[in-house]
Structures are given as structure tokens and as C-alpha cells.
Amino acid sequence: MKLTVSPLYQHLDSWLQQVPQLFASNQGTLLYDGRNQIRLFEVDGDFFRKSKARRSYENAIGLKVRGFSTPQEVAYMEERCAGLIRQVYYVCTYTNSQPIKPRLIEQEPFDEALAEAYAHYVALLHEKGVLHRDLNPTNVLYQKKGEEYEFELIDINRMQFFDGCVPQAECMENLTLFWWLSPVYRYILKIYASDRHWTEDDVEKAIEVKRTHDKHWVRRKRITHLFKKKK
């Protein structure tokens, strides 16, 4: 194996020699699994992963392969200084699709037809092994064409692709990102659970996961607010 190491990272030479073995033994955090694999490793406090722009570009391709839409990827650029990334750019086409948040969260009553379509969509994402780690209602866009809803994902630099379905525990955590434990959340969960053939116990577990998530979120916000006040 021919290994060329940047002068800035000569101190990692022995670790870099082990990278093929690390991949072979499935170590590190799997970020992408398609024709190529992207894994995240922490070495001496440094994280090695592709830039957000490159991840967005490659994740867009990964979504398309699995039959899901995102604004068409055009290019990514990385500006480097002394071998280190200084600035990154991800270029994609414009979309006039709108976020689901206004119709599902900001209006009362919420749009049941859109909520049902969204629930089916997320169930299909998870069944196809797609985990968007920032699946909040501003990162899912929609258009209505006739009686059908079409969805697009944005802000896609934090994603993971599984070989097969996303594990149930990951699905439950992913669903917590939608919104509070509100009527629209429960409505979406009910339809999603039916699509995924979850039992009543599974649904109760998902609700408990959501309650725990919301409590932790509120606690984090309170702590952040306290630190800001002290400053």
C-alpha cells in the first residue's frame, strides 16, 4: 500500500496504515454506504470526515439512487489554505417546493391530508434505509400535484444510509425531530406505525422516547439560556 501523508499529519502515520483494517472490521461511524463507504473516526481529538458540501453532494446522489427527491446537485467546492478546508460551497438547483411546517404546525387545525402523506413518506424513507439526522419540518419540502403530494429533502449533509431498513430504535429517535408531542405528532405516528406494522407496544415505546427527547431538549435550552444570561 502506497501511503502519502500530508506534512501536517505525519504524526498519524501509524494510524493511517491501519485504515484498510479499520474499514474491513467495520470500525468508526458509518456515514454513507453505497458504492463507496464513508466512515467517521476520531484520532487524537480530531475528526476526519468529508466537508459538509461534499457530504451534501454525495448524499443527494444517494437519495436519488433510492428513489427520493432533493434539489438537483450541481457541484461542491472546497477552498483550502495550508492543506486545511477554509470554506465550502454546495451548489444545487432552485426548488419552489415549500416546507411542511406552516401547514402542519403553524395552522390550526393542521392539514390532515398533508400529515398523512408525510407519515407515509417518512415510513418509506426508513424502509429504504434513509436516515436524515435533521428531519425537522423546515427540512422537508412539498408540492401538491393533483391529489398527490411530492416531497423533497434539504439540508442533507447529516444523513446515514442503511443496507435494509433503518433500525427501529433509530426510527423512533428520528421521529422525535418532527415537533413536540402534539396532536399532529400523534396523528403522524399512528399512520407511520401502521405502515411499518408496529404493535401498540411499539407505539407506546415511541411516545416514551419522544417524551424523554422533549424533556432533554427543554433542559438543554434552559441551560443554554442561563449561560447567555450570565454573559
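As a starting point, this report considers the structure included with it. (Residues numbered from 1 in each chain as written. Predicted model: local features only at pLDDT ≥ 70, side-chain atom pairs only at ≥ 80, totals over all residues. Heavy atoms only, no water.)

## Observations concerning the sheet that holds strand β9 (residues 148–153)
Ordered by their spatial adjacency, 3 strands build an open sheet running β6-β8-β9, and the pairing between neighbours is antiparallel. The sheet terminates laterally at β6 (98–99) and β9, the two strands that pair on one side only. Judged from the 6 bridges that link them, strand β8 (residues 140–145) and β9 form a sheet pairing that is antiparallel. Within β9, the position partnered with Y142 by the bridge is F151. (Pairing = 2+ DSSP bridges. Helix = DSSP H or I, 4+ residues; strand = E, 2+ residues; numbered from the N terminus.)

## As for a nonpolar patch on the surface
A cluster of nonpolar side chains, contributed by W179, W180 and W217, occupies part of the molecular surface with about 280 Å² of accessible area. Structurally, W180 can be placed in the loop between α6 (168–175) and α7 (183–196). (Patch = residues over 30% accessible without salt bridge, like charges linked within 9 Å, V, L, I, M, F, W, Y side chains within 5 Å. Areas by Shrake-Rupley, 256 points an atom, 1.4 Å probe, with all protein chains shown as cover. Salt bridge = Lys/Arg side-chain N within 4 Å of Asp/Glu carboxyl O.)

## Observations concerning the packing of aromatic side chains
For the structure on display, the rule yields 8 aromatic pairs. With a centroid separation of 6.3 Å and 65 degrees between ring planes, the pair formed by Y118 and F151 is classed as edge-to-face. Here F151 lies in strand β9 and Y118 lies in helix α5 (residues 112–127), a separation of 33 residues in the sequence. Assigned by exposure class, Y118 and F151 land together as buried. On the basis of an interplanar angle of 85 degrees and a centroid distance of 5.1 Å, the ring pair of W180 and W217 is categorised as edge-to-face. Of the two residues, W180 is situated in the loop between α6 and α7 and W217 in helix α8 (residues 200–230); the sequence distance between them amounts to 37 residues. Taken together, F68, Y118, Y121, F151 and F178 form an aromatic cluster joined through their ring pairs. Above the face of the Y185 ring, K210 is positioned so that its terminal group lies 5.2 Å from the ring centre. (Phe/Tyr/Trp six-rings, centres within 6.5 Å; stacked < 30°, edge-to-face > 60°. Buried < 20%, exposed > 50% of the residue type's maximum accessible area, 1.4 Å probe, protein only. Lys NZ or Arg CZ within 6 Å of the ring centre and 35° of its normal.)

## Considering the side chain of R196
For R196, the position within the fold is in helix α7. Given the relative accessible area of 15%, R196 is considered buried. At a separation of 2.8 Å, a polar atom in the side chain of R196 contacts the side chain of Y192. Setting aside chain neighbours within four positions, we find R196 in contact with A123, H126, E127, C165, V166 and C171. (Polar contact = N/O pair within 3.5 Å; in protein donor to acceptor, adjacent residues only side chain to side chain. Contact = heavy atoms within 4.5 Å.)

## Describing empty space enclosed by the protein
Applying the stated criterion to the full structure yields 1 cavity of 30 Å³ or more. Estimated volume of the largest cavity: approximately 60 Å³. Taken together, Y118, V122, L135, N174, L175, F178, Y185, I188 and L189 make up the full set of residues lining the largest cavity. Of all the elements in the fold, those that place two or more residues in the lining of the largest cavity are α5, α6 and α7. The class makeup of the residues in the lining of the largest cavity is 8 nonpolar, 1 polar and no charged. (1 Å grid on protein atoms, 1.4 Å probe; cavity = no way out; pocket = protein on both sides within 12 Å on 5 of 7 lines; lining within 4 Å. Points joined across faces, edges and corners; volume = space filled by probe spheres on them. Nonpolar A, V, L, I, M, F, W, Y, C, P; charged D, E, K, R; others polar.)

## Observations regarding the side chain of N59
Turning to its location among the elements, N59 is positioned in helix α3 (residues 52–65). Here N59 falls in the buried class, since its relative accessible area comes to 3%. There is a polar contact of 2.7 Å between the side chain of N59 and the backbone oxygen of I156.

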